[in-house]
Amino acid sequence: MIKEDMYERVNNLSGFNRHNGIRAKLISPELCVVEAELSDTTNNPLGYAHGGMIYSVCDVAAGILVRAAGCLSVTLSGNINYLRPTLGKSLRAEARIIKSGKTVFLVETNVYNDEDVHTARGEFQFYVLEDYRKAAVNQH
């Protein structure tokens, strides 16, 4: 179970997340879900969610997931495939770990609109700065 203070830090400490309305809704070591409201400030000139906004919710969800799994990390690389234009009032990004290595994590992300239409898929690599997984095992 993830402590409430992690939600507090994720949702309030990051100015980027606050500015863009990105909020963690579910955090566990296996799955992270973040949501963001769409508006004229997050959409492109055609009225669809801007690709940068979609990429951002994926990157944030993946980064939170790696942290929940026990590692402090930074994004090493990211790739996203936009499957269709994203319309609606909100986005939901779901992140799942594909591989957790000693120094690199590979995370898959999937994005859905508020009608549960799958609109994008990404893969992100994170470089591990500090690994707390061993310390957690040794405490038990």
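Attention here is on the structure that accompanies the text. Fair warning: this is a prediction, and the values are worked out from it, not measured in the lab.

In this section: helix H3 (residues 51–68). When the terminal C-alpha atoms of H3 are compared, their 26 Å separation across 18 residues agrees well with the 26 Å that a helix rising 1.5 Å per residue should span. Among the residues of H3, those classed as buried are Met 53, Ile 54, Ser 56, Val 57, Cys 58, Val 60, Ala 61, Ala 62, Ile 64, Leu 65, Val 66 and Ala 68. Once H3 ends, the next one or two residues include Gly 70, with phi positive near 110°.

Once that is clear, we can look at the environment of Glu 108. With respect to the secondary-structure elements, Glu 108 resides in strand S5 (residues 104–113). A C-alpha to C-alpha distance of 7.4 Å links Glu 108 and Arg 121, two positions 13 residues apart in sequence. Within the structure, the side chain of Glu 108 is placed 3.0 Å from the side chain of Arg 121, a separation counted as a polar contact.

Under the counting rule described, the total for this entry stands at six salt bridges. Residues Arg 121 and Glu 108 are paired through a salt bridge, measuring 3.0 Å at the closest nitrogen-oxygen approach. Of the two residues, Arg 121 sits in strand S6 (residues 118–131) while Glu 108 sits in strand S5, which places them 13 residues apart along the sequence. On the basis of relative accessibility, which here comes to 23%, the residue Glu 108 falls in the partly exposed class. Put simply, Arg 133 and Asp 131 hold a salt bridge, and the shortest N to O gap is 2.7 Å. Classification of Asp 131 as partly exposed rests on a relative accessible area of 29%. Each of Arg 92, Glu 94, Arg 96 and Asp 116 takes part in a single network of salt bridges with overlapping partners.

Whenever strands of a sheet pair, they do so through backbone hydrogen bonds, lying parallel or antiparallel. Reading across from one edge, S1-S2-S4-S5-S6-S3 is the order of the six strands in this open sheet, with antiparallel pairing throughout. A single partner strand is all that each edge strand has here, and the edge strands are strand S1 (22–27) and strand S3 (71–82). On average, each strand axis in the sheet is inclined to that of its neighbour by 25°, with strand direction left out of account. Pairing of strand S4 (residues 90–100) with S5 involves nine bridges; the strand directions are antiparallel.

So, how was this worked out
- Residues numbered from 1 in each chain as written.
- Predicted model: local features only at pLDDT ≥ 70, side-chain atom pairs only at ≥ 80, totals over all residues.
- Heavy atoms only, no water.
- Helix = DSSP H or I, 4+ residues; strand = E, 2+ residues; numbered from the N terminus.
- Expected span 1.5 Å × (residues − 1).
- Buried < 20%, exposed > 50% of the residue type's maximum accessible area, 1.4 Å probe, protein only.
- Polar contact = N/O pair within 3.5 Å; in protein donor to acceptor, adjacent residues only side chain to side chain.
- Salt bridge = Lys/Arg side-chain N within 4 Å of Asp/Glu carboxyl O.
- Pairing = 2+ DSSP bridges.
- Axes fitted to C-alpha atoms, helices over the stretch in contact; angles between N-to-C directions.

Geometry only, nothing functional implied.
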